[in-house]
Amino acid sequence: MQESQEKSLPIKTGSSRGVSRVLDKLRASIESKNFYEAHQMYRTLYFRYVSQGKYDDVLELLYDGALTMLEHEQYSSGADLGLLIIQTLEKAGITGGCSEQWMKRLTELIGKIKPSIVDRETLLEKAMKWSGSLVMSPTGHPLMHQLYAQILYRESDLTHARHHFALARDGTSCGFLLIEISRTKGFTSEIDLFVAHIVLQQLALKEPTVAADTFATYCKFHTGIACTDPPFAFPLLNFLFFLLQLVEQNNRKYATFRALCELYKPSLERDPSYEKYLQKIGVKYFDGSRYEQRNIIFSDLLQQFFIDLEEDELEEGTSVHGEVD
């Protein structure tokens, strides 16, 4: 047993010395601003640490390296180290509080890359996918969307910030963002359109509480509305208010939902994209698929009935004309 330990000691020492030499070269490369060589050193250390299962060590090393690269505007190298962080997180199976820390760190790295750099989108896509795996969501973790939305907001990219706030399950922040978008980019006649699209999207994602918070915040604090209960000056806001009330009911009826849509049809037709959200809402909250299927079957039968009737009339008409001839 003692002989075995003695044999393993030189191996560990040699490995440690090898890593130490690479770390020394890494520091020298950074000091001399040889960032290409430094990048390769980081990758070398990554493979060595991962092979030894030293996930915590390599994560800290890669994070510090990515920050260093990005601070020196080495965007491709920084993004590559960010991708290695994600690969390590996947291998280590990081969850819980640590995962939140790494979502914040990854978002920080993404924010340091200029929006025009292609590598930013690649890193964002991989980070969203990893975060989504933590909550079994194909769209990404809500916290990741919230953090990235805040970056976009600071960059004045309000359009994309709106999209990510809508997926962040933060209705209050989403409502305030929509107010600013409406104020800076919209016309008075479009006040209702800005909130309608997001509220319907949130409902389609089965987030009724978030949708209600978004709607309430927007209506309460938007100077062009400044109230939270109907009647609103904009018919579309009345529709959203009643729709949110219907969704919260225990005994939801599809017929009531369809009647509400028909009542506000002129307002809903202002944006063709509403239809796809309403179809999903009808299915998810009102069991609309069953009713739609029944209507399709009935419609097909009715259509076939009239086709058969026309064919019978056509045959009768031919025979009469035949007799005349």
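Refer to the structure above for everything that follows.
These figures come from a predicted structure and were not determined experimentally.

Q: So what exactly am I meant to see when it comes to the packing of helix α3 (residues 55–71) against helix α4 (residues 75–92) here?
A: Axis angle and axis distance: for two packed helices, these are the angle between their axes and the distance between the axes, and together they describe the pair. Following both chains from N to C, one finds α3 and α4 inclined at 160°, their axes separated by 8 Å at the closest point. Judged by the inter-axis angle, α3 sits roughly antiparallel to α4. For the pair α3 and α4, the crossing hand works out as left-handed. Side by side, α3 and α4 meet where Tyr55, Val58, Leu59, Leu62, Tyr63, Gly65, Ala66, Met69 and Leu70 of the first sit next to Tyr75, Ser77, Gly78, Ala79, Leu81, Leu84, Ile85, Thr88, Leu89, Lys91 and Ala92 of the second. Grouping the constituent residues of the contact of α3 with α4 by class yields 15 nonpolar, four polar and one charged.

Q: How should I be thinking about a positive patch on the surface in this particular structure?
A: Among the surface-exposed residues, Lys206, Arg252, Lys276, Lys280 and Lys284 lie close enough to one another that they form a single positively charged patch. Tracing the sequence through the fold places Lys280 in helix α15 (residues 274–286). For Lys280, a relative accessible area of 44% translates into the label partly exposed.

Q: Would you take a moment to explain the environment of Tyr49 for this structure?
A: Take Tyr49: it is sitting in helix α2 (residues 35–51). On the accessibility criterion, Tyr49 (12% relative accessible area) is buried. Sequence separation between Tyr49 and Val19 is 30 residues, and the spatial gap between their C-alpha atoms is 8.9 Å. In contact with Tyr49, other than residues within four places in its own chain, are Val19, Leu23, Lys54, Asp57, Val58 and Leu61.

Q: Honestly, the packing of helix α10 (residues 191–204) against helix α11 (residues 208–221) in this entry has me stumped. Any pointers?
A: Their axes nearest at 8 Å, the elements α10 and α11 cross at an angle of 165°. What the angle tells us is that α10 and α11 run roughly antiparallel. The handedness of the crossing between α10 and α11 is right-handed. Taking contact as the criterion, the partners of Ile191, Phe194, Val195, Ile198, Val199, Gln202 and Leu203 in α10 are, on α11, Pro208, Val210, Ala211, Thr214, Phe215 and Tyr218. For the contact of α10 with α11, the per-class residue count stands at 11 nonpolar, two polar and no charged.

Reading the values: the criteria
Residues numbered from 1 in each chain as written. Predicted model: local features only at pLDDT ≥ 70, side-chain atom pairs only at ≥ 80, totals over all residues. Heavy atoms only, no water. Axes fitted to C-alpha atoms, helices over the stretch in contact; angles between N-to-C directions. Helix = DSSP H or I, 4+ residues; strand = E, 2+ residues; numbered from the N terminus. Parallel < 35°, antiparallel > 145°, perpendicular 65-115°, else oblique. Left-handed = near helix turned anticlockwise from the far one by under 90°. Contact = heavy atoms within 4.5 Å. Nonpolar A, V, L, I, M, F, W, Y, C, P; charged D, E, K, R; others polar. Patch = residues over 30% accessible without salt bridge, like charges linked within 9 Å, V, L, I, M, F, W, Y side chains within 5 Å. Areas by Shrake-Rupley, 256 points an atom, 1.4 Å probe, with all protein chains shown as cover. Salt bridge = Lys/Arg side-chain N within 4 Å of Asp/Glu carboxyl O. Lys, Arg positive; Asp, Glu negative; His and termini not counted. Charge placed at Lys NZ, Arg CZ, Asp CG, Glu CD. Buried < 20%, exposed > 50% of the residue type's maximum accessible area, 1.4 Å probe, protein only.

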